[in-house]
Amino acid sequence: MEISKDQIATLIDHDLSNSAQMLGCFLVSSSSLNPETSPHLKAENLILLGDALFREREFRRAINTYKQALQYYKTIPKQSSTVSRSSLSGRSSSPNSSNISAINENEVKFKIAWCYSALNENKAALVEMDGIPSKARTLPMSLLMAKLYRNSRHNRFAIACYKECLRHCPYVIEAIIALAELGVTAKDIISCFSQILNRSGRAFYDQIDSNRWLQRYVEAQCCIASNDYKGGLELFGELLQRFPNNVHLLLEVAKVEAIIGKNEEAIMNFEKVRSLDPYVVTYMDEYAMLLKIKSDNSKLNKLVHDLLSIDPTRPEVFVALSVLWERKDERGALSYAEKVSLLSTVTWIILFRILVVSQIILCNQSIRINERHIPGYIMKGNLLLAMKRPEAAVVAFRGAQELRPDLRSYQGLVHSYLQFAKIKEALHAAREAMKAMPQSAKALKLVGDVHASNSSGREKAKKFYESALRLEPGYLGAALALAELHFIEGRNGDAVSLLERYLKDWADDSLHVKLAQVFGATNMLQEALSHYNAALRINPANEAATKGIERLEKQMKGVDPDAPEEDEENEVEDADGDQEETELL
């Protein structure tokens, strides 16, 4: 019984690609042995095998097979090689059948390019796509071309291709988002719709004039891309009134709220999404970071467990794992060093640093899977900052900024530059943030942070913090920074008065720690102890509160809390740890 191409095609159509690729090997083998098999049929057989491998995600094998097919295709006389709409139309029943089907060379090149793209080989993918005439490109081809250009930083060409996608179909949402992030105005994006005619001959733009939700969606994405977060959230809010419980809209809102520091609102929206659809992975690494900030370890553990069971290959899962490991490191690794005598403190420090490096590796993996995955860069930058590697952190935050400048990447850059005393660069980054987000209290605070880093700039810092609080009176971060200035300059009464105004609205451990520090400095030890304990009730992992209580206990016993301790072993620990880090990295 001869191997039939139709049998393989049927297996592929029914998603039985593993059987299809094994049967395809028989088909290709039998046709190669038959001297009467034409190059056209050999090409067809190889394309079928390539399609099966493509479905199996064996991309290297698929590329090789498709290229062999194209080599046979080139040997076919031009008069018998015609182009049709599919890679295999009208399949024949046997290798020697005279029923010749047309081969679409452009479709084969597109599949080769798609395979290269899946392997993150953008340059090779672009070479294949450039071989397809622009007039012959379908919607999927234009979309892939746009993504490849964008990944290669050819933004002008990417914009042209994304616009071409919208001229094919205005509902390509990922094209709308990409154009907004590339700086195209809402008016320019919407103008692409007007070029589409429906069956009655009316322009699509006129058709949706009475139904403007898509235009509102475009405007919302453009607001977010231009850092007008308030305007974007208002527009998303309007859309949610029309489309309640829309998982995509709720995720977009939660992501923006996470970026601008509305953590409680973001957590509520992420939890609502998970109640509506517990198998969503999109933006769940953002949710993981918020749970870490809140120290909600039980929810963080459950989230990561759920994500691993849904799809362990997604970049969000690797970032969420890194967040989970970071939390476990902070609460576990170093505290065990005090209890276990079998391992030296040096060993525990090295293990701790190995775990931090492992977290960075997880972030790198998320970027390797999707090099446009911004949370991967942000998390990597934060980890490098924790490891006291600000120069490397700058590279990570710059990577995030190149993809989409937002508040977190600016904050990361400023804190990184300040960590290795690059005041000029930190001020430049903070002013860039303020210019990009003129109505953002958090951007104003960033400029204040830079000025507060040296004593001569404290007066300027005070003005920026006060401006931030006028713009956003409930902004606890600016209040804490201003209270710190009061505290440093001896205005303890002003610091206490400012911070106590926030106690009724904020259950925040850092607020209680700052109050405890001020009370401790004024020798009000019982009040200080009360606030340290309040901080630990909110966040048992708060290291500053734990150390503060230890310091208070020494003061109450009449022991100088600033008395030097033996640190020779610590010096050895750091040296060994640095050497281990260097070898691992």
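By convention here, each chain's residues receive numbers from 1 onward along its written sequence. Restriction of local features to residues with pLDDT of at least 70 applies here, the model being predicted, together with a cutoff of 80 or more for giving and counting side-chain atom pairs; totals for whole chains, interfaces and linings are based on all residues. Excluded from the side-chain calculations are hydrogens and water; all other atoms, namely the structure's heavy atoms, are used.

- The name given to the chain in an unreviewed UniProt entry is Anaphase-promoting complex subunit 7, with the source organism recorded as Rhizophora mucronata.

1. Some points on the overall build of the chain
Phase 1 of the analysis: Each helix and strand in the chain was counted, giving 31 helices and 0 strands.
Phase 2 of the analysis: Residue burial is assigned from relative accessible area. The probe radius is 1.4 Å, only protein chains are included, and a residue is buried under 20% of its type maximum, exposed over 50%, and partly exposed in between. Out of the 585 residues belonging to the chain, those deemed buried represent 49%.
Phase 3 of the analysis: Sequence-distant contacts in the chain: of pairs separated by 6 or more residues, those separated by 24 or more amount to 54%.
Phase 4 of the analysis: Split by element, the accessible area of the chain, about 28900 Å² in all, is 52% carbon and sulfur. Note on conventions: DSSP H or I runs of at least 4 residues are helices, E runs of at least 2 residues are strands, and numbering of each starts at the N terminus. By definition in these notes, contact holds between two residues if any of their heavy atoms fall within 4.5 Å. Note on areas: Shrake-Rupley, 1.4 Å probe, and residue coverage restricted to the protein chains presented here.

2. A look at the packing of aromatic side chains
Phase 1 of the analysis: In this scheme Phe, Tyr and Trp rings, the latter by its six-membered ring, pair at centre separations within 6.5 Å, and the angle between planes marks the pair as stacked below 30 degrees, edge-to-face above 60, and tilted otherwise. Under the criterion given, the structure shown has 9 aromatic pairs.
Phase 2 of the analysis: Aromatic pair Tyr-417 and Phe-420: ring centres 6.1 Å apart, planes at 40°, arrangement tilted.
Phase 3 of the analysis: Grouping aromatic residues by their ring pairs yields a cluster made of Phe-54, Phe-59 and Trp-114.
Phase 4 of the analysis: The rule for a charge over a ring is simple: NZ of Lys or CZ of Arg within 6 Å of the ring centre, and within 35 degrees of the ring normal. Directly above the aromatic system of Phe-157 lies the positively charged group of Arg-156, at a separation of 4.8 Å from the ring centroid.

3. With respect to unusual backbone geometry
Phase 1 of the analysis: For Arg-57, which is not glycine, the phi dihedral falls at a positive 65°.
Phase 2 of the analysis: Tracing the chain through its elements places Arg-57 in the loop between α3 (39–55) and α4 (59–74).
Phase 3 of the analysis: Relative accessible area serves as the criterion here: at 56%, Arg-57 is assigned to the exposed category.

4. A look at the confidence of the model for the chain
Phase 1 of the analysis: In predicted models, pLDDT denotes the confidence assigned by the predictor to each residue on a 0 to 100 scale. For the chain, the mean per-residue pLDDT works out to 83, and 82% of the residues sit at or above 70.
Phase 2 of the analysis: Predicted confidence for residues 81–100 stays below pLDDT 50, and this span has 63 contacts to residues more than four positions away or in other chains.
Phase 3 of the analysis: Within the model, pLDDT remains below 50 along residues 329–346, and this stretch shows 23 contacts once partners closer than five positions in the same chain are excluded.

5. Details of the nonpolar core
Considering soluble globular proteins, one finds that nonpolar side chains tend to be buried as a cluster.
Phase 1 of the analysis: Residues belong to a common nonpolar core when they are buried Ala, Val, Leu, Ile, Met, Phe, Trp, Tyr or Cys residues joined through side-chain atoms within 4.5 Å. In this structure, Met-129, Tyr-162, Leu-166, Phe-193, Val-218, Phe-236 and Met-284 are the most contacted members of the largest nonpolar core, which totals 128 residues.
Phase 2 of the analysis: A total of 8 residues in this core trace back to one element, the largest contributor, which is helix α14 (residues 247–259).
Phase 3 of the analysis: Among the nonpolar cores identified, the runner-up in size contains 34 residues, and Leu-469, Tyr-475, Ala-478 and Leu-525 belong to it.

6. Here's the deal with the pattern of salt bridges
Phase 1 of the analysis: The rule for a salt bridge is simple: a side-chain nitrogen of Lys or Arg has to be within 4 Å of a carboxyl oxygen of Asp or Glu. In total, this model carries 29 salt bridges according to the counting rule given.
Phase 2 of the analysis: Linking Arg-153 and Glu-402 is a salt bridge whose minimum nitrogen-to-oxygen distance equals 3.5 Å. With Arg-153 in the loop between α7 (139–151) and α8 (155–168) and Glu-402 in helix α21 (residues 390–403), this pair connects stretches of sequence that are 249 residues apart.
Phase 3 of the analysis: With a relative accessible area of 56%, Glu-402 lands in the exposed category.
Phase 4 of the analysis: Among the charged side chains, a network of salt bridges with common partners joins Arg-150, Glu-181, Glu-286, Arg-404, Asp-406 and Arg-408.

7. Things to note about the UniProt feature "repeat: TPR" (unreviewed entry) in the chain
Phase 1 of the analysis: UniProt positions are given in the numbering used here, feature names are shortened, and annotations may be inferred rather than shown by experiment. Here, the residues flagged by UniProt with the feature "repeat: TPR" (unreviewed entry) are residues 43–76 and 509–542.
Phase 2 of the analysis: Across residues 43–76, the secondary structure splits into 85% helix and 0% strand, with the terminal C-alpha atoms separated by 10 Å.

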